[in-house]
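# Structural features, examined
Each chain, letter by letter, is given below.
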Amino acid sequence: MHLLAATVWVGGTIALVFVGVPVIAKLEGEARATALRELGRRWRPLGYGAIGLLVVTGLLLADEDVNDASAGFDAVLAIKVGAVALMIAASLYHDYVLGPRLAAQIRAGEPPTVRPRLVWVGRFAFALTLLVPILGVALQQLAD
């Protein structure tokens, strides 16, 4: 279950970053806003559902290994937990704070001053999305 949920989150995020967003970025005006809103509306239940499943199954897996693992397991686990927390926080901030602020600026005809922060936070969340499974592999190696 953990690997399936990771596949959904990581694979879906990669597809959004390299396929969905670049295509939508070529649109302008209301078509762009509508497409981004619809993409987000459809992705969020899958993505955040996968993250929820990852957190639950990850805690269960870590609990099984924490007492029998080799040296370094606790340190890598702490780093992974921190990276997951930052990834979730950055994703939520991107989707539910910065995204709506940018949409409101665009609707009001204001300069899109939020866009650089939205892009930076999105890239940060994406980097963490790639880092977390690497840390998971390291944990698995330390647990064996």
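Below: a short report on this structure. Predicted model, so just to flag it, every value in this text is computed and none were measured.

All right, on to the layout of surface pockets then. What the largest pocket holds in volume is close to 1,300 Å³. In this structure, the largest pocket is lined by 37 residues; those nearest its centre are Val21, Leu36, His94, Asp95 and Leu118. Looking at which element gives the most residues to the lining of the largest pocket, the answer is helix 2 (residues 29–65), with eleven residues. Here the residues of the lining of the largest pocket sort into 20 nonpolar, eight polar and nine charged. Of the pockets and cavities examined, the second largest pocket occupies roughly 740 Å³. Along its surface, the second largest pocket is lined by 25 residues, and His2, Gly58, Lys80, Gly136 and Leu139 are the ones closest to its centre.

Where nonpolar side chains cluster on the molecular surface, the patch consists of Met1, Leu4, Val8, Leu46 and Leu53 and spans about 480 Å² of accessible area. Sorting the residues of the nonpolar patch by element identifies helix 1 (2–25) and helix 2 as the ones contributing at least two each. Position of Leu46 among the secondary structure elements: in helix 2. On the accessibility criterion, Leu46 (53% relative accessible area) is exposed.

Counted under the stated rule, the structure contains five aromatic pairs. Aromatic side chains Trp9 and Tyr48 sit 6.2 Å apart centroid to centroid with 40° between the ring planes, which places their arrangement in the tilted category. Of this pair, Trp9 sits in helix 1 while Tyr48 sits in helix 2; the two residues are 39 residues apart in sequence, bridging distant segments of the chain. One aromatic cluster is present, built from ring pairs that chain together Trp9, Trp43, Tyr48 and Tyr96. Above the ring of Tyr96, the side-chain terminus of Arg44 is found at 5.0 Å from the ring centroid.

Bringing the pattern of salt bridges into the picture now. Taken as a whole and judged by the stated rule, the model has four salt bridges. The shortest N-O distance in the salt bridge between Glu30 and Arg37 comes to 3.2 Å. In this structure, the salt-bridge partner of Arg42 is Glu38, at a minimum N-O distance of 2.7 Å. Within this pair, Arg42 and its partner Glu38 are both found in helix 2, separated by four residues, close to a single helical turn. Via salt bridges that share partners, Glu38, Arg41 and Arg42 belong to a single interconnected network.

What follows is about helix 4 (residues 115–143). Taking 1.5 Å of rise per residue, the 29 residues of helix 4 would be expected to cover 42 Å, and the 42 Å separating its terminal C-alpha atoms lies within 8% of that figure. Looking only at helix 4, the buried set comprises Leu118, Val121, Ala125, Phe126, Leu128, Thr129, Val132, Leu135, Leu139 and Ala143. Looking at the buried positions of helix 4, the neighbouring elements they touch are helix 1, helix 2 and helix 3 (73–107).

By the secondary structure assignment, Asp144 is in the segment after helix 4. By relative accessible area, which is 69% here, Asp144 ends up exposed. On a C-alpha basis, the gap between Asp144 and Ala33 in space is 48 Å, while along the polypeptide they are 111 residues apart.

What counts, and at which threshold
Residues numbered from 1 in each chain as written. Predicted model: local features only at pLDDT ≥ 70, side-chain atom pairs only at ≥ 80, totals over all residues. Heavy atoms only, no water. 1 Å grid on protein atoms, 1.4 Å probe; cavity = no way out; pocket = protein on both sides within 12 Å on 5 of 7 lines; lining within 4 Å. Points joined across faces, edges and corners; volume = space filled by probe spheres on them. Helix = DSSP H or I, 4+ residues; strand = E, 2+ residues; numbered from the N terminus. Nonpolar A, V, L, I, M, F, W, Y, C, P; charged D, E, K, R; others polar. Patch = residues over 30% accessible without salt bridge, like charges linked within 9 Å, V, L, I, M, F, W, Y side chains within 5 Å. Areas by Shrake-Rupley, 256 points an atom, 1.4 Å probe, with all protein chains shown as cover. Salt bridge = Lys/Arg side-chain N within 4 Å of Asp/Glu carboxyl O. Buried < 20%, exposed > 50% of the residue type's maximum accessible area, 1.4 Å probe, protein only. Phe/Tyr/Trp six-rings, centres within 6.5 Å; stacked < 30°, edge-to-face > 60°. Lys NZ or Arg CZ within 6 Å of the ring centre and 35° of its normal. Expected span 1.5 Å × (residues − 1). Contact = heavy atoms within 4.5 Å.

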